[in-house]
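Chain by chain, the residues:
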Amino acid sequence: MRSELAIQALVGAVAVSALAVPPSLEKRLKLIDLGQFGSFPTITPEQAHVEAEKIEGPFRDGPEFNFPKIVIGGNKTPAAGEDEVAATSNAAVSGTCDRNNPKVRVEWRNYSQADRKAFVNAIKCLMGKPSAGGFQGSTSRYEDIVSVHQQMTHNIHQSAVFLPWHRYYVSAFEDLMRNECGFTAAFPWWDETKDAGHFADSDLFTDDYFGPLPGKTSNDQGTCIESGTFGGLTLHIGPGSGFQNHCLSRAVDESLTGTVSAQFVQDCNSRTSYDDMRGCQELGPHAYGHNGVGAVMSEVQASPGDPIFFMHHLFVDHSFRIWQNANASRTTSINGCAGSSSPCTPITLDYVLSSNGLKADTTIGNVMDTLGGYLCYRYDY
Ligand SMILES: *[C@@H]1O[C@H](CO)[C@@H](O)[C@H](O)[C@H]1NC(C)=O
Ligand SMILES: *[C@@H]1O[C@H](CO)[C@@H](O)[C@H](O)[C@H]1NC(C)=O
Ligand SMILES: [Cu+2]
């Protein structure tokens, strides 16, 4: 229905400009100039390496990292001189989790073909459902999710909020997949370090799943994705803070994806301060994955318009969980600023994470432990 309306609108525009040719498929799938997408700010892998601290792994996940639950809160009074970065929360963690039997997020290579298919089909299902209303620019349930990211961009990037908020955001996406599109399998994640330098060869980017990952064209443009589960998709949110109908486009740069290496992730994860690690991951592997896929994915505000966004952020969340596994105190403390405004407002575990109603508000304290009850998952490795 929506695409019929779009075609009618185009036919109207063509009639007004008195062109005799009928609108072609390419015209319906409006390609936005690559330059309009901008890019995520970065640091270099060399810089992260120079700043790396003593490596304190484990750099993996698994059943042995189901640490006993640490109860946060109570009426703890900070002792004089106690480091504020270790601030605890008075808010009780909601929900329960059997730490020996959490959901396990399975790396794409070990994820069955049936589950892969079910995963992309559930995303497609969200795209076919109407918006719940109240999400600016949205024309579908999936775009409700995109709209939240676009509208909240300035509160959720380049500050300590980045990792907890995106963990919460991915869990909101998971809830919609399960509650509104009947998705029941385990969630996947994508070990990008294994595809660094050759993202386009991953079978994520085949017609069975997310569709192809073309490089820049000879005239430096992206390419509309016309095949695969999301072929011919029209996006209505973005680029940036705008709302323009445009195609889902990609423009891979494998020299950028090549930096998303295990070494870069480890150099960032070697940082003992949460906010140092966060800055390194955000401007490092996270930014290069976005810019590497290119076009829609390289634009900060509306990048969730490309559904590969969620595979990417599952990878980013995996790196965060691995960093946390190196020391149990990393699920009960946080440091850094609660936003980019100056002077810095120190972040606390009571900071409220919101998604404009997509999922009920919660606190950072509730999402720090992925087995804490509000959340209940670990990664397969
Ligand atoms: C992936 O699957 C193979 C075959 O079932 C299994 O041997 C391997 O341990 C799995 N890898 C992980 C990380 O779970
Ligand atoms: C965990 O981190 C805390 C706080 O930084 C530190 O005091 C403690 O020594 C660390 N524990 C281990 C086992 O590294
Ligand atoms: Cu984001």
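Residues numbered from 1 in each chain as written. Chains lettered and ligands numbered in written order. Predicted model: local features only at pLDDT ≥ 70, side-chain atom pairs only at ≥ 80, totals over all residues. Heavy atoms only, no water.

1. Considerations on the state of the cysteines
By definition, a disulfide links two cysteine residues through a covalent bond between their sulfur atoms.
Stage number 1. The tally for this structure, following the rule as stated, stands at 5 disulfides.
Stage number 2. Covalently, Cys97 is tied to Cys376 through a disulfide, its sulfur atoms 2.0 Å apart. In this structure, the disulfide formed by Cys97 and Cys376 twists by about 70 degrees around the S-S bond and is classed as right-handed. Residue Cys97 is found in the loop between helix 3 (45-50) and strand 1 (103-107), and its partner Cys376 is found in the loop between helix 11 (364-367) and strand 9 (377-379); the two are separated by 279 residues along the sequence.
Stage number 3. Looking at Cys97, the relative accessible area reads 17%, which means it is buried.
Stage number 4. Residue Cys376 is classed as partly exposed on the basis of its relative accessible area, which comes to 23%.
Stage number 5. The partner cysteine of Cys125 in its disulfide is Cys181, sulfur to sulfur 1.9 Å. (Disulfide = S-S within 2.5 Å. Helix = DSSP H or I, 4+ residues; strand = E, 2+ residues; numbered from the N terminus. Buried < 20%, exposed > 50% of the residue type's maximum accessible area, 1.4 Å probe, protein only.)

2. Digging into the pattern of salt bridges
Stage number 1. Summed over all chains, the structure comprises 19 salt bridges.
Stage number 2. The salt bridge involving Arg105 is made with Glu174; its shortest N-O contact spans 3.1 Å. Of the two residues, Arg105 is situated in strand 1 and Glu174 in helix 6 (residues 162-181); the sequence distance between them amounts to 69 residues. When sorted by exposure, Arg105 lands in the same class as Glu174, which is buried.
Stage number 3. Taking the shortest distance from any N to any O, the salt bridge between Asp306 and Arg250 comes out at 2.8 Å. On the criterion of sequence distance, the pair formed by Asp306 in the loop between helix 9 (274-293) and helix 10 (308-325) and Arg250 in strand 6 (residues 249-250) is long-range, its members being 56 residues apart. (Salt bridge = Lys/Arg side-chain N within 4 Å of Asp/Glu carboxyl O.)

3. Remarks on the sheet that holds strand 9
Stage number 1. Taken together, the 3 strands give an open sheet; going across it, the order is 2-1-9, and neighbouring strands pair in parallel fashion. Each edge of the open sheet carries a strand with a single partner, namely strand 2 (188-189) and strand 9.
Stage number 2. Note: strand 1 against strand 9, 3 bridges, orientation parallel. If you follow Val104 over to strand 9, its bridge partner there is Arg378.
Stage number 3. Along the sheet, helix 10 contacts strand 1, strand 2 and strand 9; its crossing angle with strand 9, the most-contacted strand, is approximately 90 degrees. (Pairing = 2+ DSSP bridges. Contact = heavy atoms within 4.5 Å. Axes fitted to C-alpha atoms, helices over the stretch in contact; angles between N-to-C directions.)

4. Focus: the coordination of the copper ion (ligand 3)
Stage number 1. Protein coordination at the copper ion (ligand 3) comes from His149 (NE2), His157 (NE2) and His166 (NE2), with a distance range of 2.0 to 2.1 Å.
Stage number 2. Linear spacing of the donor residues for the copper ion (ligand 3) on their chain is H-x7-H-x8-H. Of this pair, His149 sits in helix 5 (residues 141-156) while His166 sits in helix 6, placing them 17 residues apart in sequence.
Stage number 3. For His166, a relative accessible area of 4% translates into the label buried. (Donors = N, O, S within 2.8 Å, 3.2 Å for Na, K, Ca; no water.)

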